[in-house]
There are 2 protein chains.
Amino acid sequence: MISVLLIGKGNVSTHLYDAFLKADNITVTQISSRKLENIPSADVTIIAVSDDAIATVSSKIKNSFVVHTSGACAIDELKNNNRKGVFYMLQTFSKDKEVSFKEVPFCLEAENKKDENLLTEVAKSIGEKIYTINSEQRKALHVAAVFVNNFTNHLFKIGNDICKENNVPFKILETLIDETALKIKTLSPEKAQTGPAVRNDQKTIKNHLNLLNKKQQEIYTIITKSIQNGN
Amino acid sequence: MISVLLIGKGNVSTHLYDAFLKADNITVTQISSRKLENIPSADVTIIAVSDDAIATVSSKIKNSFVVHTSGACAIDELKNNNRKGVFYMLQTFSKDKEVSFKEVPFCLEAENKKDENLLTEVAKSIGEKIYTINSEQRKALHVAAVFVNNFTNHLFKIGNDICKENNVPFKILETLIDETALKIKTLSPEKAQTGPAVRNDQKTIKNHLNLLNKKQQEIYTIITKSIQNGN
């Protein structure tokens, strides 16, 4: 049995709590990060709080092994005096949406092999996709995630705006969006690239620009250029 | 029975040919656009050739009803003397990949209701998602598709580059990419937006920019600004 203490009452912490409750080899406790006077001991203490609070919260914890769950923070942002680690799940968690942890990539970091094995065991109790990722790699992964998730969603938003302005249901684009995500599982994004930019189809590019507002044109132009330059 | 003549030997034409062969109410013939001396008659003649060839090819066809399959071209780019229409499928077709026409949105345009019904019947023989879309709407749809498909794929490419440079498997991001595409089926892209830009998390944005090369920084900055301005 591995005892896990979750600190924090947010989405990540609560989804983890629900999942660990169902795991055979884990006993789990969840406490608020505002009540750190009587901290129960645990094999692994997971602080799932906002990035800015990691230093303060961790500095108050005397438990033997403390990990955070942030993609943006290095391991040494933990200010506890004992062993440190990271238990980062690369996924967006929404309050009301159930999380399928079997699909979630767990990116683990520890200071030694034994702790890495311990975190792996904890992750395996609820998940299947387990990776060992150091702080440098995690930083890169975090910025890559911004491109493929946050920025992609913004392109969907622009697509949606264009549809709305022209009385076309955005729903028509759903299959294409699915196909775009699916394609890169078998082709590299470089090989999967299609469209007027990569074909250097100047006539279509000009027609497209004519349809867009100034802000949309700016993004269209810069991404088209980037595709053409192979950036 | 509806007779369909396909002109062109490319991906779109060949995938359509294979699908129509299996349809109960369609008889289909396929010819090359280079052999237009003896054109068989048909209820619907579908020219699936490159955008630039539509005018020339269509001008040589005497059949009663001629449609093109281009998202970028208006109906009046057809230069035949009889009835005109558009049979546009909003999907990327790859040579070796089977197409599930049940998932493909058919965007149809005709000059009158009778022809529209005829095209609908043809589309329904192989597909399920049928839309009536005029030339203006189709233009908008085409540019929206560039954002959600071509440009999104380029963001995947940048994500892949960042991963490669930092020795992280791009595969870790697959679940997140799937989730990004899935999310907008239940939430508007505006509501689905997450990340440092929309949170205005300056510290993370600065850290991210430090990790990127100049070209990546340019795209990061312009999309971050666009998210923050609600463009």
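Procedures and definitions
Counting restarts for each chain: residues are numbered from 1 in the order of the written sequence. Written order decides the labels, with chains lettered from A and ligands numbered from 1. The model is predicted, so local features are restricted to residues of pLDDT at least 70 and side-chain atom pairs to those at 80 or more, both for listing and for counting; the totals for chains, interfaces and linings are taken over all residues. Hydrogens are left out, water is left out, and the side-chain values use all remaining heavy atoms of the structure. Residues are treated as being in contact if the distance between any of their heavy atoms lies within 4.5 Å. For any pair of parts, buried area is found by adding up, for both, the accessible area (1.4 Å probe) each one loses once the two are put together. In what follows, salt bridge is the name for a side-chain nitrogen of Lys or Arg lying within 4 Å of a carboxyl oxygen of Asp or Glu. Polar contacts here mean pairs of N or O atoms no more than 3.5 Å apart (in protein, one a potential hydrogen donor and the other a potential acceptor; neighbouring residues in sequence count only if both atoms are side-chain atoms). For this overlay, a least-squares fit was computed on C-alpha atoms, restricted to residues scoring pLDDT of at least 70 in both copies. Here a strand is any run of E in DSSP of at least two residues, a helix any run of H or I of at least four, and the numbering for each starts at the N terminus. Expected helix span is given by 1.5 Å per residue-to-residue step, counting one fewer step than there are residues. In this scheme, the bend at a residue equals the angle between the axes fitted to the seven residues that finish there and the seven that begin there.

S.K.: Can you help me understand the interface of chain B and chain A in this one?
M.R.: Reports of interface size often rely on the accessible area that becomes lost once the parts have come together. Counting residues at the interface gives 81 residues for chain B, matched by 83 residues for chain A. Both faces combined, the contact of chain B with chain A buries some 8,200 Å², and carbon together with sulfur accounts for 67% of it. Linking Asp178 of chain A and Lys185 of chain B is a salt bridge whose minimum nitrogen-to-oxygen distance equals 2.6 Å. Put simply, chain B and chain A have 25 residue pairs in polar contact (both at pLDDT 80 or more) between them.

S.K.: In this structure, what is going on with the relation of the copies chain B and chain A? I would like to understand it.
M.R.: Copy one and copy two of the chain differ by a rotation about a common axis and a shift along it. For the match of chain B to chain A, the screw axis carries a shift of 0.0 Å, the RMSD comes to 0.1 Å, and the turn is 180°. These values place the two chain copies in the arrangement generated by a two-fold rotation axis. In terms of proximity to the rotation axis, the leading residue of chain B is Thr152 of chain B, whose C-alpha is 2.8 Å off the axis. Same-surface contact between copies: 100% of interface residues of chain B are shared with the interface of chain A.

S.K.: Would you explain the environment of Ile26 of chain B in this entry?
M.R.: Residues and elements named next belong to chain B. Its location among the elements puts Ile26 in strand E2 (residues 26-31). Residues Ile26 and Val4, 22 residues apart in the sequence, show an inter-C-alpha distance of 6.8 Å. Ignoring anything within four residues of it in the chain, the contact list for Ile26 reads Met1, Ile2, Val4, Phe20, Val122 and Ser125.

S.K.: Is there a simple way to think about unusual backbone geometry in this case?
M.R.: Leave glycine aside and you will find that most residues have negative phi; peptide bonds, for their part, are mostly trans. Even without a glycine there, the phi angle at Asn167 of chain A is positive, about 55°. Mapped onto the secondary structure, Asn167 of chain A falls in the loop between helix H4 (135-165) and helix H5 (174-183).

S.K.: Mind showing me how you'd approach helix H4 (residues 135-165) of chain B here?
M.R.: Three or four residues apart is the spacing at which side chains of an α-helix point the same way, because the helix has 3.6 residues per turn. Residue and element names in this part refer to chain B. An ideal rise of 1.5 Å per residue puts 45 Å on 31 residues; H4 measures up with 44 Å between its terminal C-alpha atoms. Along H4, the helix axis deviates most sharply at Val146, where the bend reaches about 30°. Its side-chain oxygen at 3.1 Å from the backbone nitrogen of Glu136, Asn134 defines the N-terminal cap of H4.

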